[in-house]
Amino acid sequence: MIETIKKILKLLNSKEKQRLIPLTLATVITAVIEVIGIGSLGPFVAVVVDPSVIFSNSFLSTAYEMGGFQTERGFLIGLGILVFVITLLASAFKVLVLYMVFKFAGDLRHNIGLRLFRKYIFQTYPYFLNHNTSELSKNLLSEVDQVVDSVLKPVLESLAKGVMVVATFSFLIITDPLVALGAFVILGVLYVAIYGMVRPKLISNGAELRESNRIRYKIAGETFAAIKDVKILGKEDAFSSEY
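Overview of the structure. (Residues numbered from 1 in each chain as written. Predicted model: local features only at pLDDT ≥ 70, side-chain atom pairs only at ≥ 80, totals over all residues. Heavy atoms only, no water.)

**Focus: helix α8 (residues 133–175)**
- Across its 43 residues, α8 extends 61 Å between first and last C-alpha, which sits within 8% of the 63 Å expected from 1.5 Å per residue.
- Maximal helix bending in α8 amounts to about 40°, located at Asn139. (Helix = DSSP H or I, 4+ residues; strand = E, 2+ residues; numbered from the N terminus. Expected span 1.5 Å × (residues − 1). Bend = angle between axes of the 7 residues up to and from the residue.)

**Details of the packing of helix α6 (residues 72–121) against α8**
- The N-to-C vectors of α6 and α8 enclose an angle of 150°; their axes lie 9 Å apart at closest approach. Between α6 and α8, the angle falls in the class roughly antiparallel. Like other packed secondary-structure pairs, α6 and α8 cross with a definite hand, here right-handed. Here α6 contributes Val97, Val101, Phe102, Phe104, Ala105, Leu108, Arg109, Ile112, Gly113, Leu116, Phe117 and Tyr120 to the contact with α8, which in turn contributes Leu136, Asn139, Leu140, Val144, Asp145, Val148, Asp149, Leu152, Lys153, Leu156, Glu157 and Ala160.
- Here the contact of α6 with α8 is built from residues that sort into 17 nonpolar, two polar and five charged. (Axes fitted to C-alpha atoms, helices over the stretch in contact; angles between N-to-C directions. Parallel < 35°, antiparallel > 145°, perpendicular 65-115°, else oblique. Left-handed = near helix turned anticlockwise from the far one by under 90°. Contact = heavy atoms within 4.5 Å. Nonpolar A, V, L, I, M, F, W, Y, C, P; charged D, E, K, R; others polar.)

**So, the packing of aromatic side chains**
- Inspection of the entire model under this criterion finds four aromatic pairs.
- Seen from their ring centres, Phe55 and Tyr64 are 5.2 Å apart, and the 70° between their planes marks the pair as edge-to-face.
- For Phe55, a relative accessible area of 48% translates into the label partly exposed. (Phe/Tyr/Trp six-rings, centres within 6.5 Å; stacked < 30°, edge-to-face > 60°. Buried < 20%, exposed > 50% of the residue type's maximum accessible area, 1.4 Å probe, protein only.)

**So, the nonpolar core**
- By size, the foremost hydrophobic cluster in this structure holds 17 residues, and its most contacted members are Leu20, Leu23, Phe104, Leu108, Leu152 and Leu156.
- Those elements that provide at least two residues to this core are α3 (20–49), α6 and α8.
- Element by element, the count of residues in this core is highest for α6, at seven residues.
- The contact partners of Leu20, leaving out residues within four places of it in the chain, are Leu9, Leu12, Phe104 and Leu156.
- Judged by nonpolar contacts, the second largest core, of seven residues, contains Val47, Ile54, Leu60 and Tyr64. (Core = buried A, V, L, I, M, F, W, Y, C linked by side-chain atoms within 4.5 Å.)

**Structural notes on the packing of α3 against α6**
- The interhelical angle for the contact between α3 and α6, taken along N-to-C directions, is 155°, at an axis separation of 8 Å. Here α3 lies roughly antiparallel to α6, going by the angle between them. Along this stretch, α3 crosses α6, giving a crossing that reads as left-handed.
- Counted by class, the contact of α3 with α6 contains 24 nonpolar, five polar and two charged residues.

**Some details on the pattern of salt bridges**
- According to the stated counting rule, one finds five salt bridges in the structure shown.
- Between Asp107 and Arg19 there is a salt bridge whose closest N-O contact spans 3.0 Å. With a gap of 88 residues between them, Asp107 in helix α6 and Arg19 in the loop between α2 (14–18) and α3 connect regions that are remote in the sequence.
- Note that Asp145 is salt-bridged to Arg109, the shortest N-O span being 2.9 Å. (Salt bridge = Lys/Arg side-chain N within 4 Å of Asp/Glu carboxyl O.)

**Side note on a nonpolar patch on the surface**
- There is a patch of nonpolar side chains on the surface, built from Ile186, Leu187, Leu190, Ile194, Met197 and Val198 and spanning about 600 Å² of accessible area.
- Relative to the helices and strands, Ile194 is located in helix α9 (residues 177–225). (Patch = residues over 30% accessible without salt bridge, like charges linked within 9 Å, V, L, I, M, F, W, Y side chains within 5 Å. Areas by Shrake-Rupley, 256 points an atom, 1.4 Å probe, with all protein chains shown as cover.)

**Some remarks on the side chain of Thr30**
- Locating Thr30 in the fold gives a position in helix α3.
- For Thr30, a relative accessible area of 8% puts it in the buried group.
- A distance of 2.7 Å separates the side chain of Thr30 from the backbone oxygen of Ala26, its partner in a polar contact.
- Filtering out sequence-adjacent residues up to four positions away, Thr30 remains in contact with Ala90, Phe93, Lys94 and Val97. (Polar contact = N/O pair within 3.5 Å; in protein donor to acceptor, adjacent residues only side chain to side chain.)

The structure is reproduced here in structure tokens:
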């Protein structure tokens, strides 16, 4: 993961790296609000089950007094509204982060493609004589999409979820260190096991996909470049089978 992030950062210019700052900040804020929402559910459920806990719990009794509530029912309604607002706010920030991730990925798809296109187009003519143009087209139209859709977006989404996991785990450590440690060990072992089993297959599938795309673009380019001969000789089926 660290190596993947380093490779991604090398693809970004300074302006694109700066755009990661508000994205990271929004992700952290979302995680904090989400944890607050999770933490507020406990007191709310406790009050629903036993309203007398309002006066036996120092935090709830302080909130009851500071809020100027006169009845337990009024406090319960106020607490319910607070939980609802926090949940709604967390959902809104999640949507915002998701939008920022997709917007950033879409802009980066265009920018990387444009930089690669300019690199190709400003090469000398002999460069194009020594390189298959279908391979260049594949890099522009397919490989850039693969990098963005299969690498960049999953990494950004994983980082966002990772911040949420860290925030939730920190909350669990504060409330119940033993449960937090047990959850960390179990989930950590499962993650390592699943990652170890899936990673070789993903690498293999990625290599096969790149090679398959290379061949498809090559065949399509050669077919359309010689379409006159293909039609005269009736080689449509031959090229179709190769594709």
